[in-house]
Structures are given as structure tokens and as C-alpha cells.
Amino acid sequence: MLVARWIVPALIITAAACALSGCPSLSPRTQLPPSIDAAEALAGSGDQAGAARIYEQLAAQNSGADRNDDLLRAARAYLDARRPEDAARVLADLEPAMPARQTSERALLETELSLARAQPTQAWQWINSTPEPHAAPDAPRYLALKQRAALASGRLVEAVAAQVSLERWLGTARELRQSRVNLLNGLRDASARGVKVDPRTAPDATVRGWLELGPIAATAARNPNAAIADVDAWRSRYPNHPAADVVRSELLRQSVQQERLPAPRSGYIALLLPLSGRQSAAGSNVRDGFMTAYYQTATAQRAPVRVYDTADGGIAQAITSAAQQGAAIIVGPLTREEVIAAAMLDVRRPPLLALNFLPPERPAPQEFYQYALSPEEEARIVARRILGDGHHHGVSLVPAGDWGTRVLTAFTQELQAGGGSLFASATIDAGLTDYADPITQVLRISDSNARYHRLQSVLGTKLQFEPRRRGDVEFIFAPASAPVERLLRPQLRFHFAGDVPTYATSDAFEPDPRNNQDLEGLMFPDMPWMLGSELAEAVRAAVREAWPSGGPRRGRLFAFGFDAYRLAMALLAGDAAGELHVDGLTGKLTLDQDHRVHRELEWAQIHNGELRLLPSP
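All figures in this text were calculated on a predicted structure; none of them were measured in a lab.

Draft legend 1. Expanded view of the overall build of the protein. In terms of helices and strands, the protein carries 24 helices and 15 strands. Counting only contacts in the protein whose residues sit at least 6 apart along the sequence, the fraction spanning at least 24 positions is 64%. Split by element, the accessible area of the protein, about 29,900 Å² in all, is 52% carbon and sulfur.

Below you can see the structure in the form of C-alpha cells.
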């Protein structure tokens, strides 16, 4: 009996010690020691971030060259997982004395890191200071990176030179074609950004031909009909150019498709988007979705489309030209500043569907419709969901800055209107990776620590202590971008809040299964294009058929453009407030009395690393 009496406390103490020290026998995830095989298995399954963590564990057990090898592997895995800040942290931990092989690998990873951080000058400095390898697989990797760095930094001659060298290393016709398509798209984007280069300075006809394609491809992206003559002239000048095949498939095919558009007449749609300058990427994505919806419409039901580049001439000129040329409806502009300018313009025009919301304090003029992917509207949707789930009192963590302020204001207004309230709110610095201070602030863990220190001081003895969060928190509202959310959610679990229902906006989600496990338990609304629907699958299938080589980026702005066309067609058909209902890629769309389009979204939660749809609130 005496033995039994001592065994139970001993077991309890042992279990507690294991829990505090991370005893492997109590944690299934740590039963096996870290190994390169385990890391490679995770990487092969798509979990690059998990592989990177194992490489870091291995590095902690090694020293010298072996440690550096593990850290370099970890950095590469983090870059593959689209976690550049983790990659930067690992690279900063390298021991300085490295052999040539590791020095070269570090330079290539630093190049990739700089590109991921949108630092083209630093990327070029890293790659340009690295000797070119002369064997596979290092040589093609180096040349592809050099081309990306050259394009990003506006060094178009060097980008083409890298392509000429790269083609010697590409083993299949498919790889060769795809690399040429990539260069064509890079030259197009550089030209759209305003990068200038004189093709006459090129050292030979091959380079000169590539350089001439940049402005032609940019013109084709803005107005395919206008590029047909330039494409034909280029093909006459360079009949045997390596890019001839991709020019025919990527530029001429698009021009021919656009040539089927009816000639502009009374009743056409004027699409106003920034297709050059710093907003050109967003404008191009919206345009691609818009024209995809156009081609998905039966020929007899299509309204003609004419595209205006708002970065070339300004909003006033584009709207005035569209009105004078007989547009039946204007779709655009896109940015909030442009939409405000359009609302202030005193000119006779047709109805206008703006692709952003006016500020709440600014009234809309007559026949001025507003459609936007508004984070403020999503914040209100989240507040209604929280109330519908039976939660009324919680805390919030939002990014510092204008975006976080606007989202929190909208959320708080909707929550309070439904009888809810926030106990506390804190901001997080998206430039950091440690959010312990704001988390402990809103959860009042710091109060728990303070009480512990006061009690220990009064008693004059050391006490057993485990920090506690406040127990009256029913929910956490934590909107942020996906990279920030993947850092924030695990830290909430670490600070004893993993069981508190946590909500975010759609900005927190990217369809990347390699990183979804970091968002475990998070709930958020999103559009059918991201979460899946019959319409979304049908459009994806059509896009894959139209662009077998990959085609344009097809994110949320693509879906936004797709639905903008369908909204324009509904408005042309006479649908008004209370009557407009569109089941779109961005949600179920309706129109209120103030001519603002509202979106009804789907809900999802990350469960065991997988996306799980939730029932409607």
C-alpha cells in the first residue's frame, strides 16, 4: 500500500515534467528524430514549410559545413513555401566561413529572396556577383534566375542573353516553349511598366527581335486589334526567329479572337482600366476575367467591348471619349482615387459601374453604380457571422495602418449594432514575426504574470505558475494577409487561445495546401472562385482550354472582372435595385437602393490542414 501511495505522485510528477520539457514519448509528432529523409518526404508531399522546420532542427544538431548545408536546405524550402521572411531569418544564421559551393547556393537563394520581396536591384546584385555554373542542374537554375532578376530590374538585354544561354540546357520541346513564353510575358510586363530599351543597340538579330516584342506584346495586351499589323510586320522581319512560334500562338491567336468582336457601335461596353503603369498588373487581371466572361457568353447575346487605358490620358479623357463614341455603359475605373475622380466629373455620360466604392461620406451621382471587393464589407459579414454563432464579446488583433483601421471600424460598427462588443483591440506590425506583445495585451496574460509576481513577492517564496488568459473571451477577430495570419494563428495557440473561435476576412486565405496547417481552426468568408462552385469549375475548364500554356493569373481580381461583365450585361438589360441577382464567381450579387452591389459569400474553416466548407450562418 505504501508503494502504491508513492507511485501515483511519482507518475504525476513525471508526466508534468514531460509536458513541460516536451517529452518525446507524449508527443506523436516527435517520436522519431529529425532526418533528411523525413524532410524530403514532407517536401515530396507538398509540405515545404514542414520540411524547412526539420532542416532547421538538423542544423541545430550540427556545426560547420553540415550546419550550413541544413540551413541552406531550410531556406530553399521556406522560399518554395512562399515564406520569404522565414527564409531571410535562416540565411542570416549561416556561419560566414563557407566553401565555394555553399557561397554560390547562398547567392542564388538571396536572389530568390530579393525577388520574393520585390527588391529587383538587390536581386541583380546577388546574381551578377555569382559565377555562372557550367553543369546541370545548377546552370539552368542560375540562368533562369538571372533572367528573372534582369527583367525585374529593367535589364532587358541581359534577360534575353540569359534566355539564349538557357536554351542550350533545356531538354524537351515543352520546356523550351515554356521558357520562351515566360520571356515574352516578362518583356511585355517590363514594357507595360515603362521600361525603355532601343532594340537597335542589340548585338544581333535574335536579341533585337526579342526586344522589339516587348512593346508589341504590351500593345496586344491592352488592345489586341491594334497589335495585328505590328505582329505581322515583326514576323516578316524575323521569319526564323526563335520566338516565332510563341508569337503566333500567344499574340496572334489572341488578336484573332479579339477580331471577332463586333465593331464598336451604340450599345457597346466601355471598359476603363489601368493597363500600364504601377497598377497595370491589377488592371490586366480584371481585364482577363472580363473578356473571359465575354467569350463565355453566347455570340448573339454579347455586347461589344472597347478597352480604355486610364493610365494613358486620365479618367476624364477616357469617360469623355467613351460617352462621345456611343458607349451604352461604362465599366470602371478601378482604383479608389480614380472612382472619386469619376464621381466628381461633370459631363454627360451613360450609366457607370465603378469597380470600387466611394468613401461613405461622398454621395454618388446619378446612374453611378458601385461594385468592389471591399474588406470593410467582409468585416461586416464576419461580425454578423460571429453574432449568428452566438458570440457577443471578444477581442481583435488587426494590422497597423489604414487598412486595419478601416476594417476594424466597419467590424466594430456592425458588431455593436447587433448587441456585441469588443473587450480590447490591439494592432500588430506586419513587418515583424513576433506578435507576443499585442496578443498578451488583449488576452490580459500580462495581468496574469503581474499577479504572479506580486503574490510571489508578498509570500517571499517561489511559486509554481502557469500563465492564464482572460476567460471571458468568446471570439477573436484577426484579419490579416495570408503570410501574417500564418504567423499569428500558431502564436495564438501558444498563448492559450487555440480553443477560442477565431475569425478573419478572405485576405487570410491562399489556396496553398502546404501552409494551410498553420491556419488550423481559422474561419473566414470567401468567394466561390476560391472555395469552389459549379460555375467556378466550368470557368476554370474553359480557361485551361483557352490558355493551355498557363495564361493569365487567375486570382480574385480575375473573378472580379468576370462578374463585372455579367453585372454590366444585367444593367444593360434593365435590372435595377431589388431585381438584380447574379450568381457569380465573387458571390451572390444583389443591388441596393443606393446602387451598391453587395456580395453574399461562402464560409470555410481550416480543419486538419484541409479546407472545410461551413453551413450558412
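Draft legend 2. Up close: the pairing of strand S6 (residues 393–399). When you tally the buried positions in S6, you get six out of seven residues, the bulk of the element. Judged from the seven bridges that link them, S6 and strand S7 (residues 421–428) form a sheet pairing that is parallel. Bridged to Leu397 within S7 is Ala426. Taken together, S6, helix H18 (residues 402–417) and S7 constitute a β-α-β crossover, and its handedness is right-handed.

Draft legend 3. Structural context of the pattern of salt bridges. The full count for this structure, using the stated rule, is 26 salt bridges. Between Glu95 and Arg67 there is a salt bridge, with its nearest N and O atoms 3.7 Å apart. Linking Glu95 in the loop between helix H5 (84–91) and helix H6 (100–116) with Arg67 in helix H4 (residues 64–80), this pair joins segments that are 28 residues apart in sequence. Residue class for Glu95 comes out partly exposed when judged on its relative accessible area of 28%. In this structure, the salt-bridge partner of Glu376 is Arg336, at a minimum N-O distance of 3.9 Å. Here the residue Glu376 occupies a position in helix H17 (residues 375–388), and Arg336 occupies one in helix H16 (residues 336–344), the gap between them amounting to 40 residues.

Draft legend 4. Expanded view of the nonpolar core. One finds Ile269, Phe290, Val331, Leu355, Tyr371 and Trp529 to be the most contacted residues of the largest nonpolar core, which totals 41 residues. For this core, the elements supplying multiple residues, two or more each, are strand S1 (268–273), helix H14 (280–296), strand S3 (327–331), helix H22 (528–531), helix H23 (534–546), helix H24 (556–572) and strand S12 (588–591). In terms of residue count, the dominant contributor to this core is H24 (ten residues). Ignoring sequence-local partners within four residues, the contact set of Val331 consists of Ile269, Ala270, Leu271, Leu272, Phe290, Leu353, Leu355, Ala564 and Ala568. Of all hydrophobic cores here, the second largest spans 33 residues; its members include Leu151, Leu187, Val231 and Ala243.

Draft legend 5. Quick peek at the sheet that holds strand S13 (residues 597–600). With antiparallel pairing, the three strands of this open sheet are ordered in space as S11-S12-S13. The open sheet has two edge strands, strand S11 (581–583) and S13, and neither has a second partner. If you compare each strand with its neighbour and ignore which way they point, the axes differ by 20 degrees on average. Lying over the sheet, H24 contacts S11, S12 and S13, oriented at roughly 155 degrees with respect to S11.

Draft legend 6. Main features of the packing of aromatic side chains. Summed over all chains, the structure comprises ten aromatic pairs. An angle of 65 degrees between the planes, with centres 6.2 Å apart, marks the rings of Phe411 and Phe475 as edge-to-face. Placement of the pair is Phe411 in helix H18 and Phe475 in strand S8 (residues 475–477), with a sequence separation of 64 residues. Among the residues examined, Phe411 registers a relative accessible area of 0% and is labelled buried. With a relative accessible area of 0%, Phe475 lands in the buried category. Where Trp529 meets Phe558, the ring centres are 5.6 Å apart and the plane angle is 25 degrees; that geometry is what we call stacked. Of this pair, Trp529 sits in helix H22 while Phe558 is found in helix H24, placing the two residues 29 residues apart along the sequence. For the pair shown, Trp529 and Phe558 are each scored as buried.

Draft legend 7. Quick peek at helix H21 (residues 482–494). Under the 1.5 Å per step criterion, the end-to-end length of H21 is 19 Å for 13 residues, consistent within 8% with the ideal 18 Å. Tucked into the core, H21 has its buried residues touching S6, S7, helix H19 (436–443), S8 and strand S9 (502–503). Among the residues trailing H21, Phe496 stands out with phi positive, at a value near 70 degrees.

Calculation rules
Residues numbered from 1 in each chain as written. Predicted model: local features only at pLDDT ≥ 70, side-chain atom pairs only at ≥ 80, totals over all residues. Heavy atoms only, no water. Helix = DSSP H or I, 4+ residues; strand = E, 2+ residues; numbered from the N terminus. Contact = heavy atoms within 4.5 Å. Areas by Shrake-Rupley, 256 points an atom, 1.4 Å probe, with all protein chains shown as cover. Buried < 20%, exposed > 50% of the residue type's maximum accessible area, 1.4 Å probe, protein only. Pairing = 2+ DSSP bridges. Right-handed = clockwise from strand over helix to strand, strands pointing away. Salt bridge = Lys/Arg side-chain N within 4 Å of Asp/Glu carboxyl O. Core = buried A, V, L, I, M, F, W, Y, C linked by side-chain atoms within 4.5 Å. Axes fitted to C-alpha atoms, helices over the stretch in contact; angles between N-to-C directions. Phe/Tyr/Trp six-rings, centres within 6.5 Å; stacked < 30°, edge-to-face > 60°. Expected span 1.5 Å × (residues − 1).

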